[in-house]
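If you want the building blocks of each chain, they are given just below.
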Amino acid sequence: MASSTDVKKIVGDLDKESFISLLSKLIGESKYLQNNPPELIPQEDRAVKHVLDSLLPHSTTTGGGPLVIKHVTYFPGRGNVIVEYPGTVPGKILSFVGCHMDVVTANPNDWEFDPFSLSIDGDKLRGRGTTDCLGHVALVTELMRRLAETKPKLKSTVVAVFIANEENSAISGVGVDALVKDGLLSRLKDGPLFWIDTADKQPCIGTGGMIPWKLHVTGKLFHSGLAHKAINPLELAMEALKEIQLRFYGDFPPHPKEEVYGFATPSTMKPTQWSYPGGGINQIPAECTISGDVRLTPFYNVKDVMKKLQEYVDDINENIGNVESRGPVSKYILPDENLRGSLTLSFDEAMSGVACDLNSRGFHVLCKATEEVVGHVKPYSITGSLPLIRELQDEGFDVQTAGYGLMATYHAKNEYCLFSDMRQGYQVFLSVISQLED
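Basis of the calculations
Residues numbered from 1 in each chain as written. Predicted model: local features only at pLDDT ≥ 70, side-chain atom pairs only at ≥ 80, totals over all residues. Heavy atoms only, no water. UniProt positions renumbered as here; feature names shortened; annotations may be inferred. Domains from an automatic or database assignment. Contact = heavy atoms within 4.5 Å. Buried area = accessible area lost by both parts, 1.4 Å probe. Polar contact = N/O pair within 3.5 Å; in protein donor to acceptor, adjacent residues only side chain to side chain. Helix = DSSP H or I, 4+ residues; strand = E, 2+ residues; numbered from the N terminus. Nonpolar A, V, L, I, M, F, W, Y, C, P; charged D, E, K, R; others polar. Buried < 20%, exposed > 50% of the residue type's maximum accessible area, 1.4 Å probe, protein only. Pairing = 2+ DSSP bridges. Salt bridge = Lys/Arg side-chain N within 4 Å of Asp/Glu carboxyl O. Axes fitted to C-alpha atoms, helices over the stretch in contact; angles between N-to-C directions. Parallel < 35°, antiparallel > 145°, perpendicular 65-115°, else oblique. Left-handed = near helix turned anticlockwise from the far one by under 90°.

As annotated in an unreviewed UniProt entry, the protein chain is Acetylornithine deacetylase from Pyrus ussuriensis x Pyrus communis. UniProt, in the comment section headed Subunit (unreviewed entry), describes the protein chain in these words: "Homodimer." Turning to the protein chain, the UniProt record has this under Catalytic activity (unreviewed entry): "N(2)-acetyl-L-ornithine + H2O = L-ornithine + acetate".

Okay, here's the thing in structure tokens:
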């Protein structure tokens, strides 16, 4: 079998020309990979074509090499690709998963360069998807191509999974959720699964859950000069939300494990949007809606939080007369008219965060590889949310996460990554493979 040093020597460094050529083709498709249904439904098979063009010549499909390739589609034009480089020891396996072939939207009018074609500025590789996540698609494709070309004799089977439909959950049963449901990834439970879709070259060991919420507040419309005849929903919303937040932070305070995982913030519950039906400046409106989200560290349960939030709202509704008011005529009950202000809480689809297993072999080899290649290792956690990976962990996968784009350009205008970072990512992958041979 190849030793750790041998694997790196045999496979070699990232081929810059080949990588940029493939990335250029992928970014050239990114206009058609934008995921924002119902207006924009990505056609991931446009990216699949370029991955297959690179890998099929080295596959058992064509007889040209060792790669075993499956193109799995659950929705027309929206495929996933599973690529396997076979090892010699049954059950010994590692995988690189999460490289997704859809992207978030981009408005060319807001960018300093064309988001839908690759442009190069020194070390910068610019375009929608360079950081998230077409850069990783190209990177892992290049890794699998070089394994197939150089054929190191590995004990471990190395699997790459390129997925559809990561950026939006409005449509399900298309990507990794369907692959797991059909048992196509079950073998990957036998070894570490590296989810390659974060940034900044360090292991990301924790992510946040997210609960999108809407608080609809009903009052009574009236002339602002006769405020005593109105129930002001704007004032009620502000006071009620303050009370809800105070209770939330009392029930879900900073958790001791957040420090261990290096979370930048504890769990938070806050408003991000405000709307009302419109009207004159001299009208107190009849209703308004405040929307926001909860970002929850993975040491709390999403369903528990949703239940608590509903309890807060129910209690405030029952005791609406006790809510803090503003000024001598501000009130939330009009007894003569038998009217009460009221709150209605609703939720959009929630997701759970993940805390990676810090005792797993996968975590230790990723840290060692990062220190070896990047020069230091500093795992981090954020209350940003990654879909799907908590479900994988709950299914029994040893999920570790990393990425080699830039957090500063993630989902941003003028997105770019650095070739030098991607090159280091490639070296980290080889180090991980090498260590797991020992």
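Further notes follow.
> Any chance you could explain the domain arrangement of the protein chain here in plain terms?
Interfaces are often described in size by the accessible area the parts lose on coming together. Partitioning the protein chain into domains gives domain 1 (7–206 + 354–437) and domain 2 (209–347). Taking only C-alpha atoms into account, the centre of domain 1 sits 40 Å from that of domain 2. With 13 residues of domain 1 at the interface, the matching set in domain 2 holds 13 residues. Where domain 1 abuts domain 2, roughly 910 Å² becomes buried across the two surfaces, and 56% of that area is made up of carbon and sulfur atoms. Considering only the surface of domain 1 that becomes buried against domain 2, S381, T383 and S385 emerge as the three largest contributors, covering 53% of it. At the surface where domain 1 touches domain 2, the tally comes to 5 residue pairs in polar contact (both at pLDDT 80 or more). Elements that contribute at least two residues to the side of domain 1 that touches domain 2 include exactly β8 (204–207), β17 (354–355) and β18 (380–381). Within the side of domain 1 that touches domain 2, the residues separate by chemical class into 7 nonpolar, 5 polar and 1 charged.

> Is there a simple way to explain the pairing of strand β2 (residues 79–85) in this structure?
On any regular strand, side chains alternate: one points to one face of the sheet, the next to the other face. Across the 7 residues of β2, 7 count as buried, placing the element largely inside the fold. Covered by surrounding structure in β2 are G79, V81, V83 and Y85 together with N80, I82 and E84, the residues of both alternating faces. As judged from the 6 bridges shared by strand β1 (residues 68–73) and β2, these two strands associate in the antiparallel manner. Its bridge partner lying in β2, K70 is registered against I82.

> Would you take a moment to explain the pattern of salt bridges for this structure?
Two side chains with opposite charge may pair up if their charged atoms get near one another. Counted under the stated rule, the structure contains 20 salt bridges. Its salt-bridge partner being E142, residue R145 comes within 2.7 Å of it at the nearest N-O pair. With R145 and E142 both in helix α4 (residues 134–150) and 3 residues apart, the pair spans about one turn of that helix. A relative accessible area of 2% means that E142 is categorised as buried. Close ionic contact of E149 with R146 constitutes a salt bridge, the shortest N to O distance being 3.0 Å. Here E149 pairs with R146, and both are found in helix α4, just 3 residues apart, close to one helical turn. Classification of E149 as partly exposed rests on a relative accessible area of 34%.

> I keep staring at the packing of helix α9 (residues 361–374) against helix α11 (residues 419–435) and nothing clicks. Help me out?
Two packed helices can be described by the angle between their axes and the distance between those axes. Taken N-terminus to C-terminus, the directions of α9 and α11 make an angle of 135 degrees; their axes are 9 Å apart at the nearest point. Here α9 lies oblique to α11, going by the angle between them. Every pair of crossing elements has a handedness; the one defined by α9 and α11 is right-handed. Along the contact surface, α9 presents R361, V365, L366, K368, A369, T370, E372, V373 and V374, while α11 presents Q424, Q427, V428, S431, V432 and Q435. Classifying every residue of the contact of α9 with α11 by side-chain character gives 7 nonpolar, 5 polar and 3 charged.

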